[in-house]
Amino acid sequence: MSGSALYETFARAPLAFDRGEGTWLVTDKGERYLDFAGGIAVNSLGHSHPHLVAALTGQAAKLWHVSNLYEIPEQRRLGERLVDATFADKVFFTNSGAEALECAIKSARRYQFVKGHPERFRIITFEGAFHGRTLATIAAGGQYKYLEGFGPKVEGFDQVAFDDIDAAEKAITPETAAILIEPVQGEGGIRPVPTQSLKRLRQLCDRHGLLLIFDEVQCGIGRTGKLFAHEWAGVTPDLMAIAKGIGGGFPMGACLATDEAAGVHGTTFGGNPLAMAVGNAVLDVVLADGFLEDVQRKALLLKQGLAAVGDEFPEVIEGIRGTGLMLGLKCAMPNAKVNMALRDQHLLAVPAGDNVIRLLPPLTVTDEEIGEALKRIRSGAKGLTDAIAAEAAK
Ligand code: PLP
């Protein structure tokens, strides 16, 4: 056996955390880190949120799993709440984002099949997209680094440039079933799709009998200051994949659909009582009066602070992008270097495509923690700027 017993899938930081408290993670050595990585946009309510802990432990003492052969009242309730809060009429629960996307892709193909168009199976996607790591979702994402060595690529995905709606229109053929897009690209580098573009995509879908699928796995559940990012654009999809934040750290996802678009699918674990208890608890908090407005207020505070740091250290930070508490530092030097400098300041962030560092604090982050993060980002950026100056002076 070489090295670790685990697949060498991630470039892991040499850090092991023992516990979490709100926005903080504490290592096995007792060192405290400010967590603006949030388990890659998963810990929507931070660590050890008392309401989530109570929901999970309360359910764990009662019932873990029964399968979808039986009624699961908490699943029904979470489904109804998601329907009430969104465009959707139906919900299918999964264990992950990729599975939610698989459900959406299958639903779109099935919709066309039922409509008498089995030939319509292709889906248009956008460069820089990330939709998961199953065979279909790596084909949908279209990124070589995830596809290499896993051929043949699953048939039926046509990719066009990011935010090129004219190209999307040109890519529509008699075989097209749907258009799939993240309203805010996450892995692709925190790139919000302009409102106008989402509106045009909706029109294109309506005109050509296609389904519009949103992937809100990363940008959903309050991350942008609305329950779902597409609400800012006033455009609704026919299908939507969610995951990450809805479980607040418990693995779960869902595919939301209109009545017409809802397909057929199945799962052993999806929608199990543990996940449903947590999902309902997350919604209790996120849908409480004033919660999302406060996320918007805090997001502005963070973005303004980041803009000031960016202005001060242009050799490190080229610009700030993103929306809500889904913000990106476009780096003027390799983002891995910036990420290391932030980690040295005990601030956790996540690198993304397009040389960006993602900041994804919990929605429960406090003003003081935002201030502390800004202080640490400034120190990290100053250290990097000083190092450049020292190198130049040699
Ligand atoms: N879609 C988006 C936008 C994501 O960011 C991710 C994960 O990062 C996925 C899908 C896949 O989710 P999962 O890793 O839970 O399968």
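A brief report on the enclosed structure follows. Fair warning: this is a prediction, and the values are worked out from it, not measured in the lab.

Here we look at the sheet that holds strand β10 (residues 211–215)
Phase 1 of the analysis: A sheet is described by the order of its strands in space; here 7 strands give the open sequence β4-β12-β11-β10-β7-β5-β6, paired in mixed fashion. Each end of this open sheet is capped by a strand with a single partner; those strands are β4 (90–94) and β6 (157–160). If you compare each strand with its neighbour and ignore which way they point, the axes differ by 20° on average.
Phase 2 of the analysis: Pairing of strand β7 (residues 176–181) with β10, which is carried by 4 bridges, proceeds in the parallel orientation.

Focus: unusual backbone geometry
Phase 1 of the analysis: That bond from Gly151 to Pro152 is cis: its omega, -5°, falls within 30 degrees of zero.
Phase 2 of the analysis: As for its placement among the helices and strands, Pro152 is situated in the loop between α6 (144–147) and β6.
Phase 3 of the analysis: Non-glycine residue Ala41 carries a positive phi angle of around 65°.
Phase 4 of the analysis: Take Ala41: it is sitting in helix α1 (residues 38–41).
Phase 5 of the analysis: Look at Ala41 and you get buried, because its relative accessible area is 2%.
Phase 6 of the analysis: Positive phi values are uncommon outside glycine, yet Ile221 reaches one of about 55°.
Phase 7 of the analysis: With respect to the helices and strands, the residue Ile221 is situated in the loop between β10 and β11 (239–242).
Phase 8 of the analysis: Residue classification places Ile221 among the buried residues on the basis of a relative accessible area of 1%.

Concerning the site of the ligand
Phase 1 of the analysis: Taken together, Ser96, Gly97, Ala98, Phe130, His131, Gly132, Glu182, Glu187, Asp215, Val217, Gln218 and Lys244 are the residues near the ligand.
Phase 2 of the analysis: Side-chain polar atom of Gln218 to an oxygen atom of the ligand: 2.7 Å apart, as the coordinates give it.
Phase 3 of the analysis: Coverage of the ligand by the protein amounts to 83% of the 390 Å² it exposes when considered alone.
Phase 4 of the analysis: Class assignment of the residues belonging to the shell around the ligand gives a composition of 3 nonpolar, 5 polar and 4 charged.

Considering the packing of helix α11 (residues 335–344) against helix α12 (residues 367–393)
Phase 1 of the analysis: Where α11 contacts α12, the axes come no closer than 8 Å and their chain directions differ by 125°. One way to sum up the angle between α11 and α12 is to call them oblique. Judged by the twist between their axes, the crossing of α11 over α12 is right-handed. For the pair formed by α11 and α12, the contact residues are Lys337, Val338, Ala341 and Leu342 on the first element and Arg376, Ile377, Gly380 and Leu384 on the second.
Phase 2 of the analysis: A class-by-class count of the residues in the contact of α11 with α12 yields 5 nonpolar, 1 polar and 2 charged.

Side note on helix α10 (residues 291–312)
In an α-helix, one turn spans 3.6 residues, which is why side chains three or four residues apart end up on the same side.
Phase 1 of the analysis: Compared with the 32 Å implied by 1.5 Å per residue over 22 residues, the 32 Å span of α10 between its first and last C-alpha is a close match.
Phase 2 of the analysis: The complete set of buried residues in α10 reads Phe291, Leu292, Val295, Lys298, Ala299, Leu302, Gly305, Leu306, Val309 and Gly310. Seen end-on, α10 carries its buried residues on one side only, within an arc spanning 140°. Opposite its buried face, α10 presents the exposed residues Glu293, Leu300, Gln304 and Asp311, each directed more than 90 degrees away.
Phase 3 of the analysis: Contacts made by the buried residues of α10 are with α9 (273–286), β13 (317–323), β14 (326–331), β17 (356–359) and α12.

Quick notes on the nonpolar core
Phase 1 of the analysis: Leu201, Ile242, Val286 and Ile377 are the most contacted members of the largest nonpolar core, which totals 78 residues.
Phase 2 of the analysis: Examining the composition of this core, we find that 9 residues originate from one element, α9, more than from any other.
Phase 3 of the analysis: Excluding its chain neighbours within four sequence positions, the residues that come into contact with Ile242 are Leu82, Ala100, Glu216, Val217, Ile221, Phe228, Gly253, Ala254 and Leu256.
Phase 4 of the analysis: If you look at the next biggest cluster of nonpolar residues, it comprises 25 residues, including Ile105, Phe157, Ala178 and Leu211.

Here's the deal with the side chain of Asp215
Phase 1 of the analysis: Relative to the elements of secondary structure, Asp215 occurs in strand β10.
Phase 2 of the analysis: Polar contacts involving the side chain of Asp215 include one to the main-chain amide nitrogen of Val217, which spans 2.9 Å.
Phase 3 of the analysis: Residue contacts for Asp215: discarding those within four places in its chain leaves Leu101, Phe130, His131, Leu180, Ile181, Glu182, Pro183 and Ala241.

Some remarks on the packing of aromatic side chains
Phase 1 of the analysis: In the structure shown here, the tally under the stated rule is 2 aromatic pairs.
Phase 2 of the analysis: Its guanidinium or amino end placed over the ring of Phe162, Arg191 lies 4.1 Å from that ring's centre, counting from NZ or CZ.
Phase 3 of the analysis: Positioned over the ring face of Trp232 is Lys226, at 4.7 Å from the centre of the ring.

A closer look at the pattern of salt bridges
Phase 1 of the analysis: Per the counting criterion, the structure on display carries 23 salt bridges.
Phase 2 of the analysis: Asp284 is paired through a salt bridge with Arg81; the nearest N and O atoms lie 2.8 Å apart. Here Asp284, found in helix α9, pairs with Arg81, found in helix α3 (residues 73–85); they are 203 residues apart in sequence, far enough to count as distant.
Phase 3 of the analysis: For Asp284, a relative accessible area of 33% corresponds to the partly exposed category.
Phase 4 of the analysis: Take Arg81: its relative accessible area is 19%, and that puts it in the buried class.
Phase 5 of the analysis: Between Glu312 and Arg378 there is a salt bridge, with its nearest N and O atoms 2.4 Å apart. Here Arg378 lies in helix α12 and Glu312 lies in helix α10, a separation of 66 residues in the sequence.
Phase 6 of the analysis: Given a relative accessible area of 39%, Glu312 falls into the partly exposed group.
Phase 7 of the analysis: Linked through salt bridges whose partners overlap, the residues forming this network are Asp294, Arg297, Lys298 and Asp367.

Each value, and the rule that gives it
Residues numbered from 1 in each chain as written. Predicted model: local features only at pLDDT ≥ 70, side-chain atom pairs only at ≥ 80, totals over all residues. Heavy atoms only, no water. Pairing = 2+ DSSP bridges. Helix = DSSP H or I, 4+ residues; strand = E, 2+ residues; numbered from the N terminus. Axes fitted to C-alpha atoms, helices over the stretch in contact; angles between N-to-C directions. Buried < 20%, exposed > 50% of the residue type's maximum accessible area, 1.4 Å probe, protein only. Near = heavy atom within 4 Å. Polar contact = N/O pair within 3.5 Å; in protein donor to acceptor, adjacent residues only side chain to side chain. Areas by Shrake-Rupley, 256 points an atom, 1.4 Å probe, with all protein chains shown as cover. Nonpolar A, V, L, I, M, F, W, Y, C, P; charged D, E, K, R; others polar. Parallel < 35°, antiparallel > 145°, perpendicular 65-115°, else oblique. Left-handed = near helix turned anticlockwise from the far one by under 90°. Contact = heavy atoms within 4.5 Å. Expected span 1.5 Å × (residues − 1). Arc of directions from axis to C-beta. Core = buried A, V, L, I, M, F, W, Y, C linked by side-chain atoms within 4.5 Å. Phe/Tyr/Trp six-rings, centres within 6.5 Å; stacked < 30°, edge-to-face > 60°. Lys NZ or Arg CZ within 6 Å of the ring centre and 35° of its normal. Salt bridge = Lys/Arg side-chain N within 4 Å of Asp/Glu carboxyl O.

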